[in-house]
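Below are the chains, spelled out letter by letter.
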Amino acid sequence: IMPATSSLLRTVIFTAATTFLWLVRSTVRASWWFVTSESTVASWLQTLVFGVAVHFLWDKFMAANPNGEGRKALQELFSMDSMQNAVNTLLDKSTDFIEWGIKHGIIRGKVAADWIGRENKKRVEELRKLAKAGDGNACYILGESCEHGLRGLPKNNAKAYNMYKMAASLGSARGLDACGTCLVHGKGVERNATYGVGQTTSAAENGCALACFNLGHWYASGMHGLPTDRSEAKTWLQRATTPIAIRELNSQQVQQAKSILNALRACEE
């Protein structure tokens, strides 16, 4: 009786899990409206579907087993290779659902906070490994995280500057520009505007869009020991706002760059 019961239990759980996965995936893929609409009905459906996904997939299989014991237990329950693959797919898709739900504010509270905390920790560990291996971009991202308190790291300007300095030494133009801005503001390092402007200029000459933006802004306003020079300001801001370079700037910087350029052009008329 016991083997038959165990087999029946495996079949029931497997059928229920795969059916649930098929229903959710079909719903999401079949209707763009479901994903993007802000209507009351769509919001209710999103909350319902992702609430169920979180309850049955996240809480039961992942949150209680952060080190992977839940996945292992399910794989042992479904001993056939095909069933193991199905369980892996189910768990991987549950991760996608959770990330989507958190991003769109559907999943909130402790579940979201715990998930973000784990993802931040994982990401920082990956970045530190890359930084030790000589990846300048990883060093820059770690410096940015320390400067602004991102990815779960506390704000620490001194550490930020050291990471930017390491990034610059590894050939990162963004790291070089970040060193320059830290120096002109005395952020995490003793203030040295002349040296800082020199580093930002080198970064701009190496194609860093943010450095071009900074130089253009400084020349337009006569900041950090630079003379007010409309021609230089216009040159650097135009470089910062080319179709490719502008992707490196945030929306506020883009708006500010365009505003300064418009003002400079108006002065020429």
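Residues numbered from 1 in each chain as written. Predicted model: local features only at pLDDT ≥ 70, side-chain atom pairs only at ≥ 80, totals over all residues. Heavy atoms only, no water.

Student: Mind showing me how you'd approach the overall build of the chain here?
Tutor: Counting its regular elements, the chain contains 13 helices and zero strands. Helices and strands appear in the chain in the N-to-C order α-α-α-α-α-α-α-α-α-α-α-α-α. Buried positions account for 35% of the 269 residues belonging to the chain. Of the contacts made within the chain by residues no fewer than 6 positions apart, 47% connect residues no fewer than 24 positions apart. With an accessible surface of roughly 15,700 Å², the chain has 55% of that area assigned to carbon and sulfur atoms. (Helix = DSSP H or I, 4+ residues; strand = E, 2+ residues; numbered from the N terminus. Buried < 20%, exposed > 50% of the residue type's maximum accessible area, 1.4 Å probe, protein only. Contact = heavy atoms within 4.5 Å. Areas by Shrake-Rupley, 256 points an atom, 1.4 Å probe, with all protein chains shown as cover.)

Student: What exactly am I supposed to notice about the packing of helix H9 (residues 173–185) against helix H10 (residues 193–205) here?
Tutor: Each pair of packed helices gets described by two things: the angle between the helix axes and the distance between those axes. H10 packs onto H9 with a crossing angle of 160° between their chain directions and a minimal axis gap of 7 Å. Put simply, H9 runs roughly antiparallel to H10. Two packed elements cross with a definite hand, and for H9 against H10 that hand is left-handed. Contact with H9, carried on its side by Ala173, Leu176, Asp177, Cys179, Gly180, Thr181, Leu183 and Val184, involves Ala193, Tyr195, Gly196, Val197, Gln199, Thr200, Ser202 and Ala203 of H10 and no other residues of that element. Tallied by class, the residues present in the contact of H9 with H10 amount to nine nonpolar, six polar and one charged. (Axes fitted to C-alpha atoms, helices over the stretch in contact; angles between N-to-C directions. Parallel < 35°, antiparallel > 145°, perpendicular 65-115°, else oblique. Left-handed = near helix turned anticlockwise from the far one by under 90°. Nonpolar A, V, L, I, M, F, W, Y, C, P; charged D, E, K, R; others polar.)

Student: Looking at this structure, I do not really get the confidence of the model for the chain. What am I missing?
Tutor: Predicted coordinates in regions of low pLDDT should not be interpreted in detail. Averaged over the chain, the pLDDT score is 78; the fraction of residues at 70 or greater is 62%. Segment residues 28–39 is flagged for pLDDT under 50; beyond a separation of four residues in sequence, or across chains, it makes 17 contacts in the model. (pLDDT = per-residue confidence, 0-100.)

Student: Could you clarify how one ought to interpret the packing of aromatic side chains in this entry?
Tutor: Between two aromatic rings, the relevant description is the distance of the centres plus the angle of the planes. Per the stated rule, a full pass over the model turns up one aromatic pair. On the numbers, 5.6 Å between centres and 35° between planes, the contact of tyrosine 140 with tyrosine 164 is tilted. Of the two residues, tyrosine 140 is situated in helix H7 (residues 136–148) and tyrosine 164 in helix H8 (residues 157–169); the sequence distance between them amounts to 24 residues. Taken individually, tyrosine 140 and tyrosine 164 each receive the classification buried, so the pair is uniform in this respect. Taking NZ or CZ as reference, arginine 239 lies 4.5 Å from the ring centre of tryptophan 236, over its face. (Phe/Tyr/Trp six-rings, centres within 6.5 Å; stacked < 30°, edge-to-face > 60°. Lys NZ or Arg CZ within 6 Å of the ring centre and 35° of its normal.)

Student: Help me understand H9, please; the structure alone is not making it clear to me.
Tutor: Because the α-helix completes a turn every 3.6 residues, residues three or four places apart line up on one side. For H9, which comprises 13 residues, the first-to-last C-alpha distance of 19 Å matches the rise-based estimate of 18 Å (1.5 Å per residue) to within 8%. Where H9 is concerned, the buried positions are Gly175, Leu176, Asp177, Ala178, Cys179, Gly180, Cys182, Leu183 and Val184. Of the residues trailing H9, glycine 186 is marked for its positive phi of about 65°. (Expected span 1.5 Å × (residues − 1).)

Student: What is the right way to look at the nonpolar core in this model?
Tutor: The nonpolar side chains of a soluble globular protein tend to be buried with one another. With 25 residues, the main nonpolar core has Leu215 and Leu237 as its most contacted residues. For this core, the elements supplying multiple residues, two or more each, are H9, H10, helix H11 (209–221), helix H12 (230–240) and helix H13 (251–268). No other element matches H11, which puts seven residues into this core. Counting residues in each nonpolar core, the second largest holds 19 residues, with Val124, Cys139, Ile141 and Leu153 among its members. (Core = buried A, V, L, I, M, F, W, Y, C linked by side-chain atoms within 4.5 Å.)

Student: Would you mind showing me how to read H12 here?
Tutor: Of the positions making up H12, those classed as buried are Ala233, Lys234, Trp236, Leu237 and Ala240. Looking at the buried side of H12, the elements it contacts are H10, H11 and H13. Near the N-terminus of H12, the side chain that reaches the backbone nitrogen of serine 231, with its oxygen 3.1 Å away, is that of aspartate 229. (Polar contact = N/O pair within 3.5 Å; in protein donor to acceptor, adjacent residues only side chain to side chain.)

Student: Help me understand the pattern of salt bridges in this model?
Tutor: Oppositely charged side chains may form a pair once their charged atoms are brought near each other. Enumeration over the complete set of coordinates arrives at three salt bridges. Of the charged contacts in the structure, one is a salt bridge between glutamate 147 and lysine 187, with a shortest N-O distance of 3.0 Å. With glutamate 147 in helix H7 and lysine 187 in the loop between H9 and H10, this pair connects stretches of sequence that are 40 residues apart. Judged by relative accessible area, which is 13%, glutamate 147 ranks as buried. (Salt bridge = Lys/Arg side-chain N within 4 Å of Asp/Glu carboxyl O.)

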